[in-house]
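# Topology and contacts: notes
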Amino acid sequence: MAIPSRVLAIEGDMATVECFGVERRVSLMLMDEPVALGDFLIIQSGAFAVERVSPEQARESLDYFAEAMREVPPPNEAI
């Protein structure tokens, strides 16, 4: 499952991205196009950016995942 992550910083071929308040560093070496601050990227294998998506596509996906996460009961609740 690929959730868009927003680029916060770029250092060489690495970027710091954020998704749902969680920041992590990812490699840009698989990207075939330039990446800029604020871009939304699809991250695969937890560490590699593989595709840039439009802000509209990112917002749609993030809204969908946020809604899905709200519907999941906390771990201590019975299903």
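My aim in this report is to walk through the structure given alongside it, one point at a time.

### Section: the environment of Phe40
On the secondary structure map, Phe40 appears in strand β4 (residues 40-44). Along the sequence, Phe40 and Val53 sit 13 residues apart, while their C-alpha atoms lie 5.6 Å from each other. Setting aside residues no more than four positions away along its own chain, Phe40 makes contact with Pro4, Ser5, Arg6, Glu51, Arg52, Val53, Pro55, Ala58 and Leu62.

### Some remarks on the packing of aromatic side chains
Scanning the model with the defined rule gives 1 aromatic pair in all. Taking the centre distance of 5.5 Å and the plane angle of 75° together, the rings of Tyr64 and Phe65 count as edge-to-face. Residue classification places Phe65 among the buried positions, given a relative accessible area of 14%.

### Regarding helix α1 (residues 55-70)
With 16 residues, α1 extends 22 Å from end C-alpha to end C-alpha; this agrees with the ideal 22 Å at 1.5 Å per step. Those residues of α1 lying buried are Ala58, Leu62, Phe65 and Ala66. Looking straight down α1, one finds its buried side chains confined to an arc of 105°; they lie on one side. Away from its buried face, by an angle of more than 90 degrees, α1 presents the exposed residues Glu56, Glu60 and Tyr64. Of the surrounding secondary structure, the elements contacted by the buried residues of α1 are β2 (14-19), β4 and β5 (48-53).

Thresholds applied
- Residues numbered from 1 in each chain as written.
- Predicted model: local features only at pLDDT ≥ 70, side-chain atom pairs only at ≥ 80, totals over all residues.
- Heavy atoms only, no water.
- Helix = DSSP H or I, 4+ residues; strand = E, 2+ residues; numbered from the N terminus.
- Contact = heavy atoms within 4.5 Å.
- Phe/Tyr/Trp six-rings, centres within 6.5 Å; stacked < 30°, edge-to-face > 60°.
- Buried < 20%, exposed > 50% of the residue type's maximum accessible area, 1.4 Å probe, protein only.
- Expected span 1.5 Å × (residues − 1).
- Arc of directions from axis to C-beta.

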